[in-house]
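# Remarks on the overall topology
The residues making up each chain are set out below.
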Amino acid sequence: NKDSETDGRYRCPLCLHNFNSSLSGLKVLVQRASQAGSPIWLLQTWGRLMGDTKGSHGGNSWLYPDFRQMNERIVQGYIKYQAFVHNRLNAVVFIIPCGEVYGRIWEVEAAAGRDRFSPESPFRMLYKDNGHPSRGCGAFVMALTMIMSFTGKRLTHMEIDHLLTSNVTDGLCPTYALRSYIDAVTHIMDNTALNNGLPRYPWSPGAPQYPEMGSYSGMTDGCENIAHTHCQER
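Structure report, in brief. (Residues numbered from 1 in each chain as written. Predicted model: local features only at pLDDT ≥ 70, side-chain atom pairs only at ≥ 80, totals over all residues. Heavy atoms only, no water.)

### Points about the overall build of the chain
- A count of helical and extended segments in the chain gives 7 helices and 4 strands.
- Of the regular secondary structure in the chain, the N- to C-terminal order runs α-β-α-β-α-α-α-α-β-β-α.
- In the chain, which comprises 234 residues, the proportion classed as buried is 48%. (Helix = DSSP H or I, 4+ residues; strand = E, 2+ residues; numbered from the N terminus. Buried < 20%, exposed > 50% of the residue type's maximum accessible area, 1.4 Å probe, protein only.)

This is how it looks when you write it as structure tokens:
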């Protein structure tokens, strides 16, 4: 699709055609991937920092007034994508739940009573601007979410300690933020293996196998423990 706002437009009568266009594109993707015997992945995007007050329909503030509502609708949009693929195309699509991780970070900061828009907030540091991920914190969250989605592995205490002490983001993201991100990604992985009974990841119960693509658990080529020094040097 064109941008993240499209994914939540299933509730917008005036712009439903945008969401339906995404479904049409997804249908082509599924057909081509199925012909190649390849798994299908969708990277779930996230709400914009301050919601979406602009847009192609004279402003989307009524649909996306803030991060929370925009993010929830985007997440629901991906649930609808997955159901469409299953029910209409008889196929399986896997989800990389970055939007849900962003939502979890928002929730944790809110529950602690912290200002989520402060420059020191782990939530605020996810963003370079109103929508794009920051080079340090945002990129770290995306990378960790992708790796854990692909492999189903959880970081050991030793690996977490190594990530927190090895300056893995070249100092672009503080240690306390990295720790909150690791907790958020782990929480989402532990609680979203299935989506309305459909497998979210290759390691979810009932997920189809793709032997011609190799084992997901071995796809890291000996670097399934991503904090190992020899893996970071590759």
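More follows now that the structure is in view.
### Remarks on the packing of helix 3 (residues 98-111) against helix 4 (residues 137-151)
- Running from N to C, helix 3 and helix 4 point in directions that differ by 125°, and their axes come no closer than 10 Å. Between helix 3 and helix 4, the angle is such that the two are oblique. In terms of crossing hand, the pair formed by helix 3 and helix 4 is right-handed. The segment helix 3 lies against helix 4, with C98, V101, Y102 and I105 engaging G138, V141, M142 and T145.
- Of the residues in the contact of helix 3 with helix 4, the class split is 6 nonpolar, 2 polar and no charged. (Axes fitted to C-alpha atoms, helices over the stretch in contact; angles between N-to-C directions. Parallel < 35°, antiparallel > 145°, perpendicular 65-115°, else oblique. Left-handed = near helix turned anticlockwise from the far one by under 90°. Contact = heavy atoms within 4.5 Å. Nonpolar A, V, L, I, M, F, W, Y, C, P; charged D, E, K, R; others polar.)

### Brief notes about the nonpolar core
- One finds I105, F123, L126, Y127, Y181 and I182 to be the most contacted residues of the largest nonpolar core, which totals 38 residues.
- At the level of elements, strand 2 (94-96), helix 3, helix 4, helix 5 (157-165) and helix 6 (175-191) are the ones that each hand at least two residues to this core.
- In terms of residue count, helix 6 provides more of this core than any other element does, 8 residues in total.
- Aside from chain neighbours lying at most four places away, what touches L126 is Y102, I105, H132, P133, S134, C137, G138, V141 and Y181. (Core = buried A, V, L, I, M, F, W, Y, C linked by side-chain atoms within 4.5 Å.)

### Thoughts on the packing of helix 5 against helix 6
- In the contact formed by helix 5 and helix 6, the axes pass within 9 Å of each other and the chain directions differ by 145°. For the element pair helix 5 and helix 6, the recorded crossing hand is right-handed. Residues I160, L163 and L164 of helix 5 form the contact with helix 6, whose own contacting residues are T175, L178, R179 and I182.

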